[in-house]
Amino acid sequence: MSDRHDHIHELTSVERWIDDRANRMLRDAPHGGARARLVEFLVFGAKQSWACVFGAAMLIVIVAARLWYPDDLWLARNDALVIAAIVIQVVMIATKLETGRELWVIVLFHVVGTGMEVFKTGVGSWEYDGGGILHIGAVPLYTGFMYAAVGSYMVRVYRLFDLRFNRYPKRWITAVIAIGIYVNFFSQHFIFDVRWVLLAAVLIVYARTIMHFRVFRGVHRMPLIVAFLLVAFFIWIAENIGTVTGAWLYPNQTDGWQLVPITKLVSWFLLMIISVVLVTWVYPPRPVRRPAPVPAPIP
């Protein structure tokens, strides 16, 4: 079976339908030159947008609720956001935009993220607008879906781009680092903060790992650490959008909004490691395909 057929098999039925029509539309696209590179770039953007659909829907709902949801409505804004998040998730599954296997990853992200949120709000790292009954402590339950959105993106990118890796580290090593990162999110408030040690460990362990990803016709390569940093950067942008609407605030924003500190990129970079490790225990990292050997000619 061809590489493309293997990739198609991993898509949902909706994605296979979209992929089929997209390939029909682009079958006459050039194979080289500037136009071919433009096609690859546009397909890359389309796939990234498709991978972000859960997170984008959540962000739109959060911003819309902050801008237009009435403060005096009988259903509290935070509770409405929880219901909206559940509806988005149900629609994603019902319309086959996500698979049941991916749902388990998303639920795991939800649990891990909510646990951290409950602790972090308790120690004053950030705060949410109050109101409603669907919350744990000071944490509205919709916040777990924001972490779930990261999980959704990770597993969808894995499928859509047919991700494969050269020199991926042993999963038990990455799991140890991820556990250390998660524990440090809590322990730094009681003992010393070892994030820089953990960051160094990540850079050492993943330094040689190259990610291969399929766009349209081409398979491209990128150091995995660069991919982590890019995703962390875009999450930081989403954080700025969320805080400017007042959905949540950091201590330096309570007297007036300002950019989320750029140092938060380190936190999100480390959180990416937890995210990747969670995904790889459900979707084990696959090696790069090697071309089949050419048979020697018969004398």
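Quick note: structure is the one above.
Residues numbered from 1 in each chain as written. Predicted model: local features only at pLDDT ≥ 70, side-chain atom pairs only at ≥ 80, totals over all residues. Heavy atoms only, no water.

**Side note on the packing of aromatic side chains**
- Per the counting criterion, the structure on display carries 14 aromatic pairs.
- Their ring planes at 85 degrees and their centres at 5.3 Å tell us that tyrosine 206 and phenylalanine 228 sit as a pair that is edge-to-face. Note that tyrosine 206 is positioned in helix 9 (residues 195-206) and phenylalanine 228 in helix 10 (residues 224-244), a separation of 22 residues in sequence. The same class applies to tyrosine 206 and to phenylalanine 228, which are both buried.
- Put simply, the rings of Phe165, Tyr168, Tyr206, Phe228 and Phe269 touch in pairs and so form one group of aromatic residues.
- Directly above the ring of phenylalanine 161 sits lysine 47, whose terminal nitrogen or CZ lies 5.4 Å from the centroid.
- When the ring centre of tryptophan 281 is taken as reference, the NZ or CZ atom of arginine 171 above it lies at 4.5 Å. (Phe/Tyr/Trp six-rings, centres within 6.5 Å; stacked < 30°, edge-to-face > 60°. Helix = DSSP H or I, 4+ residues; strand = E, 2+ residues; numbered from the N terminus. Buried < 20%, exposed > 50% of the residue type's maximum accessible area, 1.4 Å probe, protein only. Lys NZ or Arg CZ within 6 Å of the ring centre and 35° of its normal.)

**Comments concerning helix 6 (residues 100-122)**
- With 23 residues, helix 6 extends 33 Å between its outermost C-alpha atoms, agreeing within 8% with the 33 Å of an ideal straight helix rising 1.5 Å per residue.
- The complete set of buried residues in helix 6 reads Glu102, Val105, Ile106, Phe109, His110, Gly113, Thr114, Met116, Glu117, Phe119, Lys120 and Thr121.
- Positioned one or two residues after helix 6, glycine 124 has a phi angle of 85 degrees, which is positive. (Expected span 1.5 Å × (residues − 1).)

**Section: the pattern of salt bridges**
- Going through the model one piece at a time under the given rule, you end up with 5 salt bridges.
- Here arginine 164 makes a salt bridge to aspartate 162, at a shortest N to O gap of 3.6 Å. Across this residue pair, the class does not change: arginine 164 and aspartate 162 are buried.
- Via salt bridges that share partners, Asp162, Arg164, Arg214 and Arg286 belong to a single interconnected network. (Salt bridge = Lys/Arg side-chain N within 4 Å of Asp/Glu carboxyl O.)

**A few points about a nonpolar patch on the surface**
- A cluster of nonpolar residues, Val226, Leu230, Phe233, Phe234, Ile237 and Ile241, forms a patch on the protein surface that exposes about 490 Å² of accessible area.
- By the element assignment, phenylalanine 234 lies in helix 10. (Patch = residues over 30% accessible without salt bridge, like charges linked within 9 Å, V, L, I, M, F, W, Y side chains within 5 Å. Areas by Shrake-Rupley, 256 points an atom, 1.4 Å probe, with all protein chains shown as cover.)

**Regarding the packing of helix 10 against helix 11 (residues 264-280)**
- Two elements in contact, helix 10 and helix 11, have axes separated by 8 Å at closest approach and are oriented at 120 degrees. Judged by the inter-axis angle, helix 10 sits oblique to helix 11. As helix 10 packs across helix 11, the resulting crossing turns out to be right-handed. Where helix 10 approaches helix 11, its residues Ile225, Phe228, Leu229, Val231, Ala232, Phe233, Ile235, Trp236 and Glu239 are matched on the opposing element by Lys264, Leu265, Trp268, Phe269, Met272, Ile273 and Val276.
- For the contact of helix 10 with helix 11, the per-class residue count stands at 14 nonpolar, no polar and 2 charged. (Axes fitted to C-alpha atoms, helices over the stretch in contact; angles between N-to-C directions. Parallel < 35°, antiparallel > 145°, perpendicular 65-115°, else oblique. Left-handed = near helix turned anticlockwise from the far one by under 90°. Contact = heavy atoms within 4.5 Å. Nonpolar A, V, L, I, M, F, W, Y, C, P; charged D, E, K, R; others polar.)

**Re the sheet that holds strand 6 (residues 219-223)**
- Spatially, the 3 strands line up as an open sheet ordered 4-5-6, and their pairing is antiparallel. For this open sheet the edge positions go to strand 4 (164-166) and strand 6, each flanked by a neighbour on one side alone. Averaged over all adjacent pairs, the angle separating strand axes in this sheet is 30 degrees, with direction ignored.
- Where strand 5 (residues 210-214) and strand 6 come together, 5 bridges link them in antiparallel fashion. By the bridge assignment, histidine 212 is partnered in strand 6 with arginine 221. (Pairing = 2+ DSSP bridges.)

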